Amino acid sequence: MAESYHQEPWHLVSSLDRGDSIELMEAVLAGDVERVQVFRDNWRTLSAQVRFHGQSLLLKVPRARNGRRWERLLTWFRGSDALRSFRHLELMASMGFEVPKAVLACERRETGFVTDSFLCYRFVEGRRAGPEDAPQVLAALRQLHKLGYLRSDAQIANFLVSGDNIVFIDFRLKKPWLLPSLQKARELDRFIRSCPEARASLTTGEASSRWLWLASRLEDASFAVRRFKRQFRDRRKRRKPDQ
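Below, the structure is looked at part by part. (Residues numbered from 1 in each chain as written. Predicted model: local features only at pLDDT ≥ 70, side-chain atom pairs only at ≥ 80, totals over all residues. Heavy atoms only, no water.)

Things to note about helix H6 (residues 180-194)
Residues spaced three or four apart along an α-helix face the same direction, because each turn holds 3.6 residues.
At step 1: Between the first and last C-alpha of H6 there are 21 Å, a value that for 15 residues agrees with the 21 Å anticipated at 1.5 Å per step.
At step 2: Within H6, the full set of buried residues consists of Leu182, Ala185, Glu187, Leu188, Asp189, Phe191 and Ile192.
At step 3: Taken together, the buried residues of H6 touch helix H5 (134-146), strand S9 (159-162), helix H7 (204-207) and helix H8 (210-239). (Helix = DSSP H or I, 4+ residues; strand = E, 2+ residues; numbered from the N terminus. Expected span 1.5 Å × (residues − 1). Buried < 20%, exposed > 50% of the residue type's maximum accessible area, 1.4 Å probe, protein only. Contact = heavy atoms within 4.5 Å.)

Structure below.
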């Protein structure tokens, strides 16, 4: 059961006791946790496997989200990205899905707005799911949809295989209210685009669904718009005179 603690100016939510929570927070802030492997370290995010008291953890710092003004404004009404991810991990586990165990989420506020946050959860030993795992991943995704949720960013790379289990990683739960059947179909279409072999594992109803057909057309249009924007930006850059 997670507990909340305050260590000014930080707010902590943790599955550890207060002493270990504060010690882990201070170690992360001071850069004293041992980095075993860095997966990403750029302006968007820091994602690294770290070690603390013999435990292997995944440290995530959502740098871009912490810094965007509009996202900071939204935190006046809701928790930070790190805190919401912690709660999503807890919710997924309570629904019976395999997810990493949430360990610690920390957020710092100034005048009511989150200015910094980070998340730690247990590092899961496993391999990235591949085309051969598509039937099992689809089954897990269907179950999540049946319970009324989307996972967001449903790419094959965002699932791990640990033993006989499919583990959800890098997700952000959403509960669709507007046209939920279409939104679930769009998530299914995105998964198929990331793993075309998964199409062979669709049920007859899924393969012939008008929602999936519409979702595919909408995704095609979305990709076309993004491609046009990217080409437009590239042309503008080329037209600018050298400084």
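Still to come is the rest of the account.
A look at the pairing of strand S3 (residues 34-41)
At step 1: Sheet topology note: the S3/strand S4 (residues 46-52) ladder contains six bridges and is antiparallel. Within S4, the position partnered with Asp41 by the bridge is Leu46.
At step 2: If you look at the hairpin formed by S3 and S4, you'll find four residues sitting between the two strands. (Pairing = 2+ DSSP bridges.)

Side note on the environment of Phe191
At step 1: Structurally, Phe191 is set in helix H6.
At step 2: Overall, the relative accessible area of 0% leaves Phe191 in the buried class.
At step 3: Leave out the neighbours within four places in its chain, and Phe191 touches Val137, Leu138, Leu141, Ala154, Gln155, Ile156, Phe159 and Ala198.

Things to note about the packing of H5 against H6
At step 1: Between H5 and H6, whose axes approach to 11 Å, the crossing angle comes to 165 degrees. With respect to H6, the axis of H5 lies roughly antiparallel. For the crossing formed where H5 meets H6, the hand is right-handed. Here Val137, Leu138, Leu141 and His145 of H5 lie close against H6, whose contacting residues are Lys184, Glu187, Leu188 and Phe191.
At step 2: Class assignment for the residues of the contact of H5 with H6 results in five nonpolar, one polar and two charged. (Axes fitted to C-alpha atoms, helices over the stretch in contact; angles between N-to-C directions. Parallel < 35°, antiparallel > 145°, perpendicular 65-115°, else oblique. Left-handed = near helix turned anticlockwise from the far one by under 90°. Nonpolar A, V, L, I, M, F, W, Y, C, P; charged D, E, K, R; others polar.)

Observations concerning the sheet that holds strand S8 (residues 127-128)
At step 1: One open sheet accounts for three strands, arranged S8-S9-S10; its pairing is antiparallel. In this open sheet, the two strands that pair with only one neighbour each are S8 and strand S10 (165-168).
At step 2: Of the pairings in the sheet, the one linking S9 to S10 comprises four bridges and is antiparallel in character. Each bridged residue has a counterpart across the sheet, and for Phe159 the counterpart in S10 is Phe168.
At step 3: Contacting S9 and S10, H5 runs over the sheet at an angle of about 55 degrees to S10.

Focus: the packing of aromatic side chains
At step 1: For the structure shown, the criterion picks out seven aromatic pairs.
At step 2: Between Trp76 and Phe113, the ring centres sit 5.1 Å apart and the planes meet at 40 degrees, which makes this aromatic pair tilted. Placement of the pair is Trp76 in the loop between helix H3 (69-74) and helix H4 (81-94) and Phe113 in strand S7 (residues 113-122), with a sequence separation of 37 residues.
At step 3: An angle of 85 degrees between the planes, with centres 6.1 Å apart, marks the rings of Phe159 and Phe191 as edge-to-face. (Phe/Tyr/Trp six-rings, centres within 6.5 Å; stacked < 30°, edge-to-face > 60°.)

As for the nonpolar core
At step 1: Met92, Phe168 and Phe191 are the most contacted members of the largest nonpolar core, which totals 37 residues.
At step 2: Per-element tally for this core: the top contributor is H5, with six residues.
At step 3: Excluding anything up to four places from it in sequence, Met92 contacts Phe97, Val99, Leu144, Phe168, Phe171 and Leu173.
At step 4: Membership of the second largest hydrophobic core comes to 22 residues, among which are Leu24, Met25, Val28 and Val50. (Core = buried A, V, L, I, M, F, W, Y, C linked by side-chain atoms within 4.5 Å.)

Points about the pattern of salt bridges
Where charged atoms from two side chains of opposite charge approach closely, those side chains can pair.
At step 1: Under the counting rule described, the total for this entry stands at 17 salt bridges.
At step 2: Across the pair Lys60 and Asp170 runs a salt bridge whose closest N-O atoms are separated by 2.8 Å. With Lys60 in strand S5 (residues 55-61) and Asp170 in the loop between S10 and H6, this pair connects stretches of sequence that are 110 residues apart.
At step 3: Here Lys60 falls in the partly exposed class, since its relative accessible area comes to 22%.
At step 4: Its salt-bridge partner being Glu132, residue Arg127 comes within 3.5 Å of it at the nearest N-O pair. (Salt bridge = Lys/Arg side-chain N within 4 Å of Asp/Glu carboxyl O.)

Regarding a nonpolar patch on the surface
At step 1: Together, Leu178, Leu179, Trp211, Trp213, Leu214 and Leu218 give the surface a local cluster of nonpolar side chains, amounting to about 610 Å² of exposed area.
At step 2: Turning to its location among the elements, Trp211 is positioned in helix H8.
At step 3: What makes Trp211 partly exposed here is its relative accessible area of 37%. (Patch = residues over 30% accessible without salt bridge, like charges linked within 9 Å, V, L, I, M, F, W, Y side chains within 5 Å. Areas by Shrake-Rupley, 256 points an atom, 1.4 Å probe, with all protein chains shown as cover.)

A closer look at the environment of Arg18
At step 1: Structurally, the position occupied by Arg18 is in helix H1 (residues 18-30).
At step 2: With 13 residues separating them along the chain, Arg18 and Tyr5 place their C-alpha atoms 6.9 Å apart.
At step 3: Leaving out residues up to four positions away in the same chain, Arg18 has contacts with Tyr5, His6 and Gln7.

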